[in-house]
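One letter stands for each residue in the lines below.
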Amino acid sequence: MSASSCLLTEDQFLCSICLDVFTDPVTIPCGHNFCKTCITQHWNVNVPYQCPNCNKAFKTRPELLVNTFISEMAAQFRQSAQQKASSSSSEQQAAKPGEVPCDVCTGTKLKALKSCLVCLVSYCETHLEPHLTTSGLKRHQLIDPVENLEGRMCTEHDKLLELFCKTDQMCVCMLCTYSDHKNHDVVPLKKEYEGKKAELGKTEAEVQQMIQKRRLKIQEIKHSVELSEEDADREIADGVQVFTALKESIERSQAELIDTIKEKQRKTEKQAEGFIKELEQEISELKKRSTEVEQLSRSEDHLHFLQSFRTPNTAPPTKNWTGVRVSPPSYEGTVVRAVNQLEETLSKQMKKLFEDELKRVQQSAVDVTLDPDTAHPDLILSDDGKQVHDSDVRKNLPNNPERFNPCPIVLSKQRFSSGRFYYEVQVKGKTDWSLGVVRESINRKGIITLSPQEGYWTIWLRNENEACADSPVLLSLKSQPQKVGVFVDYEEGLVSFYDVDAAALIYSFTGCCFTEKIYPYFNSCINDGGTNSAPLIISPVNHTE
């Protein structure tokens, strides 16, 4: 056995399917041998059943017979090869998945240490030895092991791709520079590699910067969510407190109403009880007198009868009850007064709510100034851009696209495309005015329709005590505002108007869809012969105390 094994070579113990030393060798009817797993998997996907070596076909799937002789010889050969490999280099290891295997090793492929760009072969430590000792092989270019070495050769000239054509942005060999790439900008691979690597480093820095910006944006968004959650919790707490107070007020008013009605009823009952008691006492006296009269009338003793007889019409003293009556109490107005009192309480609560809301929106105050390039020629703007009024005198100004004509309108220099902002405008002394915000693309020439559909979210004052918001909505005000606050939440789609002095909400546009920049809008309306000459004044925001 030992002598015969020495005459055998590794090739005699290789499976023709996996090209490795047999594992669990089996024999098929034609006499050829394969790994049991290899031939089984081969026949699982290939029908009809044929021998991979001689192509002999079988009508049915042959029975696999274990070849004990080859199995023992393959095991001895595998053990011998492992011992040999182990003794040659204790550090060498079989190539793992993803590692480059040695192209020279037969059987178990060891891990390659280097690849030769001249030989186009990868070598393990043992097979690399000639490249390190033989003078002719020492001049070969060795690199860290790579796969697909054939891809490093020019397919046209079968030469190493060692140059880079910058004109065509491709790798070429030396012979390519004399043919298809003649007179092209060609540089060594190393030079282009260093340049591209520098670009890659710059790109990597830019990518890392973009990653950092996005991480900061994530932190910003998370912080916004935290702030929103805090605002929501605070708003819920305030809302619960307000509604609890309102509920208590309603319950208290209801209890007071019930007590008032019941007290009236108790007084009525007490009065009736007094009358009834008095009547019952008189009835008792009358019954007593009736008994005496009856007894006397039955007496037949003449003397006794006459001695006991009193005046026939004499009766116990009683009260004249003719005009006495118990009238049900009047409850008219009781409920109305209770509701009025509750309404007064609710009004105080509402006023406090609006004051708190105004305080919050005033935190979003911005500095707003008027843009003279948008102002109608009749308008007079102050030097600081904070006041505007109509003069009834047309100035000679260029009719640029931004300018309004013929409506006496002016926009702010500031424009907004996100977030919240708030500003206040004094309207004291004016009989007509219009305020709000508009989108950038509105029509500025000819007749203007003030409606959200046309890009205007505004209210306007007419007849000294009426304000209108969009054509269908008429707002009756208790008093004419002296100063109007305008608040916008771009993302929420909200535009609200406040009577600053009264700390009251005038009107809100909700569900607005802002898709472009918006501008604060000011319409002083015509001078009207001096009756509406007072200016609109952008006022500094004094936060409500």
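Residues numbered from 1 in each chain as written. Predicted model: local features only at pLDDT ≥ 70, side-chain atom pairs only at ≥ 80, totals over all residues. Heavy atoms only, no water.

### Considerations on the overall build of the protein
A count of helical and extended segments in the protein gives eight helices and 24 strands. A compact globule built from 545 residues should have a C-alpha radius of gyration of about 24 Å, whereas the protein, at 54 Å, is more than 25% larger. Oriented by its inertia axes, the alpha-carbon framework of the protein measures out at about 175 × 105 × 50 Å. Looking at the protein residue by residue over its 545 residues, the buried ones come to 32%. Counting only contacts in the protein whose residues sit at least 6 apart along the sequence, the fraction spanning at least 24 positions is 56%. A total of about 34900 Å² of accessible surface is found on the protein, and carbon and sulfur atoms cover 52% of it. When the 64 basic and 78 acidic side-chain charges of the protein are each reduced to a single mean position, those positions are 1 Å apart. (Helix = DSSP H or I, 4+ residues; strand = E, 2+ residues; numbered from the N terminus. Rg over C-alpha atoms; globule rule 2.2 N^0.38 Å. Buried < 20%, exposed > 50% of the residue type's maximum accessible area, 1.4 Å probe, protein only. Contact = heavy atoms within 4.5 Å. Areas by Shrake-Rupley, 256 points an atom, 1.4 Å probe, with all protein chains shown as cover. Lys, Arg positive; Asp, Glu negative; His and termini not counted. Charge placed at Lys NZ, Arg CZ, Asp CG, Glu CD.)

### Concerning a nonpolar patch on the surface
Nonpolar side chains collect at one region of the surface, where Met174, Leu175 and Tyr178 lie side by side and expose about 330 Å² of accessible area between them. In this structure, methionine 174 sits in the loop between strand S10 (170–172) and strand S11 (186–188). Residue methionine 174 is classed as partly exposed on the basis of its relative accessible area, which comes to 39%. (Patch = residues over 30% accessible without salt bridge, like charges linked within 9 Å, V, L, I, M, F, W, Y side chains within 5 Å. Salt bridge = Lys/Arg side-chain N within 4 Å of Asp/Glu carboxyl O.)

### Re the packing of aromatic side chains
The full count for this structure, using the stated rule, is ten aromatic pairs. Seen from their ring centres, tryptophan 43 and phenylalanine 58 are 6.4 Å apart, and the 70° between their planes marks the pair as edge-to-face. Taken as a pair, tryptophan 43 in helix H2 (residues 36–45) and phenylalanine 58 in strand S4 (residues 57–58) lie far apart in primary sequence, 15 residues in all. Accessibility classification places tryptophan 43 together with phenylalanine 58 in one group, the buried group. With 5.8 Å between their ring centres and 85° between their planes, tyrosine 456 and tyrosine 521 make a pair best called edge-to-face. With tyrosine 456 in strand S17 (residues 456–462) and tyrosine 521 in strand S23 (residues 518–523), this residue pair connects regions lying 65 residues apart in the sequence. Linked through ring pairs, Trp43, Tyr49 and Phe58 together constitute an aromatic cluster. Across from the ring centre of tryptophan 321, 4.7 Å away, lies the NZ or CZ of lysine 319, which sits over that ring. (Phe/Tyr/Trp six-rings, centres within 6.5 Å; stacked < 30°, edge-to-face > 60°. Lys NZ or Arg CZ within 6 Å of the ring centre and 35° of its normal.)

### Describing the sheet that holds strand S8 (residues 142–143)
Taking strand neighbours across the sheet as the criterion, the three strands line up as S7-S6-S8 in an open arrangement whose pairing is antiparallel. Edge strands, defined here as strands with exactly one partner in the open sheet, are strand S7 (121–123) and S8. Seen against the sheet, helix H4 (residues 125–133) touches strand S6 (114–116), S7 and S8 and runs at an angle of roughly 110° to S7. (Pairing = 2+ DSSP bridges. Axes fitted to C-alpha atoms, helices over the stretch in contact; angles between N-to-C directions.)

### Side note on the side chain of histidine 131
Mapped onto the fold, histidine 131 is located in helix H4. Within the local environment of histidine 131, its side chain forms a polar contact with the side chain of histidine 140, the two groups lying 3.4 Å apart. In contact with histidine 131, other than residues within four places in its own chain, are Cys116, Cys119, Tyr123, Leu137, Lys138, His140 and Leu142. (Polar contact = N/O pair within 3.5 Å; in protein donor to acceptor, adjacent residues only side chain to side chain.)

### Regarding the pairing of S17
Burial of S17 is extensive: six of the seven residues sit out of reach of the surface. Pairing of strand S16 (residues 433–439) with S17 involves six bridges; the strand directions are antiparallel. In the sheet register, leucine 435 faces S17, and the bridge partner there is isoleucine 459.

### Here's the deal with the sheet that holds strand S13 (residues 387–390)
One open sheet holds the seven strands; their spatial order is S12-S13-S24-S15-S20-S21-S22, and the pairing between them is antiparallel. Among the strands making up the open sheet, the edge pair consists of strand S12 (379–381) and strand S22 (504–509). Strand after strand, the sheet turns through a mean of 20° between neighbouring axes, direction not considered. Note that strand S15 (residues 420–426) and strand S24 (residues 536–539) share three bridges and pair antiparallel. The partner of glutamate 424 across the bridge, within S24, is serine 539.

### With respect to the side chain of glutamate 282
Residue placement: glutamate 282 occurs in helix H6 (residues 189–297). Summary of buried charges: glutamate 282 has no salt-bridge partner, and the nearest side chain of opposite charge, lysine 319, is 7.0 Å away. A distance of 2.8 Å separates the side chain of glutamate 282 from the backbone nitrogen of lysine 319, its partner in a polar contact. Not counting the four nearest positions on each side in its chain, glutamate 282 is found in contact with Thr318, Lys319 and Trp321.

### Let's talk about the packing of H6 against helix H8 (residues 334–362)
Look at H6 against H8: their axes get within 10 Å of each other, and the N-to-C directions meet at 165°. The angle between H6 and H8 places the two elements in the roughly antiparallel class. H8 is crossed by H6, and the crossing has right-handed handedness. Classifying every residue of the contact of H6 with H8 by side-chain character gives eleven nonpolar, seven polar and five charged. (Parallel < 35°, antiparallel > 145°, perpendicular 65-115°, else oblique. Left-handed = near helix turned anticlockwise from the far one by under 90°. Nonpolar A, V, L, I, M, F, W, Y, C, P; charged D, E, K, R; others polar.)

### Some words on the nonpolar core
With 33 residues, the main nonpolar core has Val495 and Phe522 as its most contacted residues. Those elements giving two or more residues to this core turn out to be S15, S16, S17, strand S20 (483–489), strand S21 (494–499), S22, S23 and S24. When near neighbours in sequence (up to four residues on either side) are disregarded, phenylalanine 522 contacts Val368, Leu370, Pro408, Ile409, Val410, Ser412, Tyr423, Val425, Ser434, Leu435, Leu536 and Ile538. (Core = buried A, V, L, I, M, F, W, Y, C linked by side-chain atoms within 4.5 Å.)

### A word on unusual backbone geometry
Across the junction of asparagine 405 and proline 406, the peptide omega takes the value 15°, indicating a cis bond. Examined against the element boundaries, proline 406 turns out to sit in the loop between S13 and strand S14 (409–411). Its identity is not glycine, yet leucine 120 carries a phi of approximately 55°, on the positive side. Within the secondary structure, leucine 120 sits in the loop between S6 and S7. You can call leucine 120 buried: its relative accessible area is 19%. Even without being glycine, glutamine 169 reaches a positive phi, approximately 55°. Tracing the backbone shows glutamine 169 in the loop between strand S9 (163–165) and S10. By relative accessible area, which is 46% here, glutamine 169 ends up partly exposed.

Any functional reading would require information beyond the geometric quantities listed.
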